[in-house]
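Each chain, written out:
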Amino acid sequence: MARHFLQRFLLTLPALWLVLTLVFLMIHIVPGDPVEQMLGEGAAPGELAQLRHSLSLDQPLLTQYGHYLRQLAHGDLGQSFKFQAPVRRIIFERYPATLQLAFLALVVCAAIAIPAGVLAAHRRGRAPDRAVGLFTLFGLAFPNFALGPVLILLFSIELGLLPVSGRGGPANYILPAATLGAALAAILTRMVRAAMLEELSADYIRTARAKGLSTRAVLFRHAFRNALIPIITILGLQFGTLLAGTIVTETIFSWPGIGRLTVQAISARDYPLLQGCILVIAVSYVVVNLLTDLLYSVIDPRVRLA
Amino acid sequence: MKASLNSLRDFLRQSILARVGFAAAVLLLFAALFAPWISRYDPASQNLPARLETPSRAHWLGTDELGRDIFSRTLYGARVSLLVAVCVVCGCGFTGLFVGMLAGYAGGWFDRVVNLLLINAFLSFPGILLAIAFAAFLGPGIGKVILALIITGWAGYARLARAQVLKVKELEFILAARSLGASNTRILVRHLLPNILQPILIQATIGLAGAILAESTLSFLGLGVLAPLPSWGAMLNDARGHLFDAPHMVIFPALAVMTAVLAFNLLGDAWRDWLDPRTRSQMAALEYSR
């Protein structure tokens, strides 16, 4: 088991290295002088030189890279220009809001996808299956930046049921979570359907039916329990994707999380803050994937023995 | 020509979804190609007295906050979306094919390094996050959007190409070509490439949908094509400020994005099913049972 964990962790290292390196190199692909871009055209030469020095941009590239890695090892993500505060502090103030939203979206996603997928598999080729198929097709094609405004239009403006934006009470969570979770619900529904179809065609299901068990017992006590393993994996992997999806959703609903912070950093050309946000989201994604993989091997012995 | 038309007819006969996808893709292409002739207004021309008008005879889909005709902008938006999507898919496809074929064919340490350090690492986090980051640092503009999406999207094609090469290179005809003295380049280009191209093309069809979605997302965040060039994502971003007074600004670009994504997703899925002998036999059985 420990060997499997170690192997899996080692496989994650190239991805982490790539994230760190790409984030480091990003400031160097800014057209023109990144320092001038940050301070604006009217900045005094002294200010430019000072900022260039504080970002180590006056050093050779390799020295900068070493300095950057050392800073990261100390948990230092630099200083934000827009907020005049350490990037780490700003990000970790906003991070819980993003995690809450992503977690709720995952709940919405599972609440839609699991019953829909089980129903579609149980009624394969019939009207419910076709209806679920149609839902997944549209769910995949309707992006969250289009769905969000449409949901606001419908539930906030036309029906007046839910607030448009912000993070006040529980009602504020519904539309952002639905927007974020909808596309993933479509993907997960397909996965649940496929996993259930595979289980339902297995011999032990035929035996269970031959024993005279009810359809409900066959579906949920036997097939669904075995189909859960791939479903949990997909849920875990989707949690990482949700973190990335928050950039758009948080912008639409003015949600005070790390996604909106990323967009604020982009508009303010606050490159250290932008680098910090991208880094934290990407590393969270890699870590969540790793944890899902490890969880997968804990619950399914075939994986670690393979 | 006749054989191609027959194949197309057979492909379209396989399912209603294939027909819907094909029809939507043709419609989109038609809109993009003939936008200057179909639209009645210049998509960039402003008409402030007619701002935020609801759909009418003069403006079929209404106007935006600057009085620009939404129908014309939606049509021209198809041009931008398709242009970006085709360039991104070509760029990703060529890069992915090149890297994946080389890695798969060479094998050994080169394959391990490319596969583990590059392909796997690039696929380990969501492409759209990296694309947002690259676009944010590169700055907005159509060329930069294409570049950002190619940088972050090639790895999927490379993985597929590598897997196909690993499978095909062990077949006897490759051994025969090698024993006849064919060079590595000749084997790669003349023998391997034609035999691995089909799954790549299917992936590219579905990739068109992904690229349209990604371009719209970047434009929505203000990182895509520059104004006054119309883009569906940017139109949706403009519409956010007018949800109360001009809801029509949201509906039409949203429908346009959905139609385009649906079209290429359906086409790709239908094509894959068509080429998969197992699905084809199921389809034939269904036809027979009717």
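Worth saying up front: this structure is predicted, and the values here are computed from it rather than measured.

## A few points about the overall build of chain A
Turning to step 1, where the next piece is worked out: The secondary structure content of chain A amounts to 13 helices and two strands.
Turning to step 2, where the next piece is worked out: Its C-alpha atoms give chain A principal-axis dimensions of about 85 × 55 × 30 Å.
Turning to step 3, where the next piece is worked out: A buried classification covers 40% of the 306 residues belonging to chain A.
Turning to step 4, where the next piece is worked out: In chain A, 71% of the contacts between residues at least 6 apart in sequence involve partners at least 24 apart.

## Quick look at the overall build of chain B
Turning to step 1, where the next piece is worked out: Within chain B, the regular secondary structure consists of 12 helices and zero strands.
Turning to step 2, where the next piece is worked out: Moving toward the C terminus, one meets the helices and strands of chain B in the order α-α-α-α-α-α-α-α-α-α-α-α.
Turning to step 3, where the next piece is worked out: A principal-axis box enclosing the C-alpha atoms of chain B has dimensions of 75 × 55 × 30 Å.
Turning to step 4, where the next piece is worked out: Within chain B, buried positions represent 45% of all 290 residues.
Turning to step 5, where the next piece is worked out: Taking all contacts inside chain B whose residues are at least 6 apart in sequence as the whole, residues at least 24 apart take part in 68%.

## Section: the packing of helix α9 (residues 203-210) of chain A against helix α10 (residues 215-252) of chain A
Residue and element names in this part refer to chain A.
Turning to step 1, where the next piece is worked out: Packing of α9 against α10 leaves a shortest axis separation of 11 Å and a crossing angle of 145°. Crossing angle aside, the handedness with which α9 passes α10 is right-handed. Contact residues: Tyr204, Ile205, Ala208 and Arg209 in α9; Val218, His222 and Ala223 in α10.

## Focus on the interface of chain B and chain A
Many authors give the size of an interface as the accessible area that is lost as the parts come together.
Turning to step 1, where the next piece is worked out: Contact residues are listed per partner, giving 37 residues for chain B and 37 residues for chain A.
Turning to step 2, where the next piece is worked out: Of all the elements in the fold, those that place two or more residues in the side of chain B that touches chain A are α5 (108-123), α6 (127-138), α9 (184-220), α10 (232-240) and α11 (248-275) of chain B.
Turning to step 3, where the next piece is worked out: For the side of chain B that touches chain A, the element with the most residues is α6 of chain B, which contributes eight residues.
Turning to step 4, where the next piece is worked out: Residues of the side of chain B that touches chain A, tallied by class, amount to 29 nonpolar, seven polar and one charged.

## Digging into the environment of glycine 257 of chain A
Residue and element names in this part refer to chain A.
Turning to step 1, where the next piece is worked out: Mapping glycine 257 onto the fold places it in the loop between α10 and α11 (258-267).
Turning to step 2, where the next piece is worked out: On the neighbour-count criterion, glycine 257 (25 C-beta atoms within 10 Å) is buried.
Turning to step 3, where the next piece is worked out: Note: C-alpha distance between glycine 257 and glycine 139 (118 residues apart in sequence) is 24 Å.
Turning to step 4, where the next piece is worked out: With near-sequence residues (within four places) excluded, glycine 257 lies in contact with Arg94, Ala97, Thr98, Leu101, Thr246 and Glu250.

## Thoughts on helix α1 (residues 2-26) of chain A
Turning to step 1, where the next piece is worked out: With 25 residues, α1 of chain A extends 36 Å between its outermost C-alpha atoms, agreeing within 8% with the 36 Å of an ideal straight helix rising 1.5 Å per residue.
Turning to step 2, where the next piece is worked out: Restricting attention to buried positions, one finds in α1 of chain A the residues Ala15, Leu18, Val19, Leu22, Val23 and Met26 of chain A.
Turning to step 3, where the next piece is worked out: Buried residues along α1 of chain A sit against α12 (271-299) of chain A together with α5 and α6 of chain B.

## Some details on unusual backbone geometry
Comment: phi is negative for the bulk of residues other than glycine, and the bulk of peptide bonds are trans.
Turning to step 1, where the next piece is worked out: Omega for the bond connecting alanine 227 of chain B with proline 228 of chain B falls within 30 degrees of zero, at 10°, which places this linkage in the cis form.
Turning to step 2, where the next piece is worked out: Tracing the sequence through the fold places proline 228 of chain B in the loop between α9 and α10.

## Things to note about helix α7 (residues 142-168) of chain B
All names here are of chain B.
Turning to step 1, where the next piece is worked out: Relative to the 39 Å expected for 27 residues at 1.5 Å per residue, α7 spans 37 Å between its end C-alpha atoms, a close match to the ideal helical length.
Turning to step 2, where the next piece is worked out: Approximately 40° is the largest bend angle found in α7, and it occurs at glycine 153.
Turning to step 3, where the next piece is worked out: The buried fraction of α7 amounts to 19 of the 27 residues, a majority that puts the element mostly inside the structure.

## Observations concerning the confidence of the model for chain B
Residues and elements named next belong to chain B.
Turning to step 1, where the next piece is worked out: Overall, the prediction assigns chain B a mean pLDDT of 89, with 95% of residues at 70 or greater.
Turning to step 2, where the next piece is worked out: When mean pLDDT is compared element by element in chain B, helix α4 (residues 70-106) scores highest at 95, while helix α12 (residues 277-289) scores lowest at 50.
Turning to step 3, where the next piece is worked out: As a predicted assembly, this complex carries a pTM of 0.88 together with an ipTM value of 0.86.

## Considerations on the environment of serine 72 of chain B
Residue and element names in this part refer to chain B.
Turning to step 1, where the next piece is worked out: In this fold, serine 72 is placed in helix α4.
Turning to step 2, where the next piece is worked out: Taking the C-alpha atoms as reference points, serine 72 and aspartate 42, 30 residues apart in sequence, are found 6.9 Å from one another.
Turning to step 3, where the next piece is worked out: Ignoring anything within four residues of it in the chain, the contact list for serine 72 reads Ser39, Arg40, Tyr41 and Pro43.

## A few points about the packing of helix α5 (residues 87-122) of chain A against helix α8 (residues 171-200) of chain A
Residue and element names in this part refer to chain A.
Turning to step 1, where the next piece is worked out: At their nearest, the axes of α5 and α8 sit 5 Å apart, and the two run at 35° to each other. Of the two possible hands of crossing, α5 and α8 adopt the one that is right-handed.
Turning to step 2, where the next piece is worked out: Residues that form the contact of α5 with α8 fall into these classes: 25 nonpolar, three polar and one charged.

## Some thoughts on the environment of proline 163 of chain A
All names here are of chain A.
Turning to step 1, where the next piece is worked out: Tracing the sequence through the fold places proline 163 in the loop between α7 (144-158) and α8.
Turning to step 2, where the next piece is worked out: On the neighbour-count criterion, proline 163 (18 C-beta atoms within 10 Å) is partly exposed.
Turning to step 3, where the next piece is worked out: Separated by 135 residues in sequence, proline 163 and histidine 28 place their C-alpha atoms 41 Å apart.
Turning to step 4, where the next piece is worked out: Apart from residues lying up to four places away in sequence, proline 163 is in contact with Ser156, Gly168, Ala171 and Asn172.

Thresholds applied
Residues numbered from 1 in each chain as written. Chains lettered and ligands numbered in written order. Predicted model: local features only at pLDDT ≥ 70, side-chain atom pairs only at ≥ 80, totals over all residues. Helix = DSSP H or I, 4+ residues; strand = E, 2+ residues; numbered from the N terminus. Buried ≥ 20, exposed ≤ 12 C-beta atoms within 10 Å, placed from the backbone. Contact = placed C-beta atoms within 7 Å. Axes fitted to C-alpha atoms, helices over the stretch in contact; angles between N-to-C directions. Left-handed = near helix turned anticlockwise from the far one by under 90°. Nonpolar A, V, L, I, M, F, W, Y, C, P; charged D, E, K, R; others polar. Expected span 1.5 Å × (residues − 1). Bend = angle between axes of the 7 residues up to and from the residue. pLDDT = per-residue confidence, 0-100.

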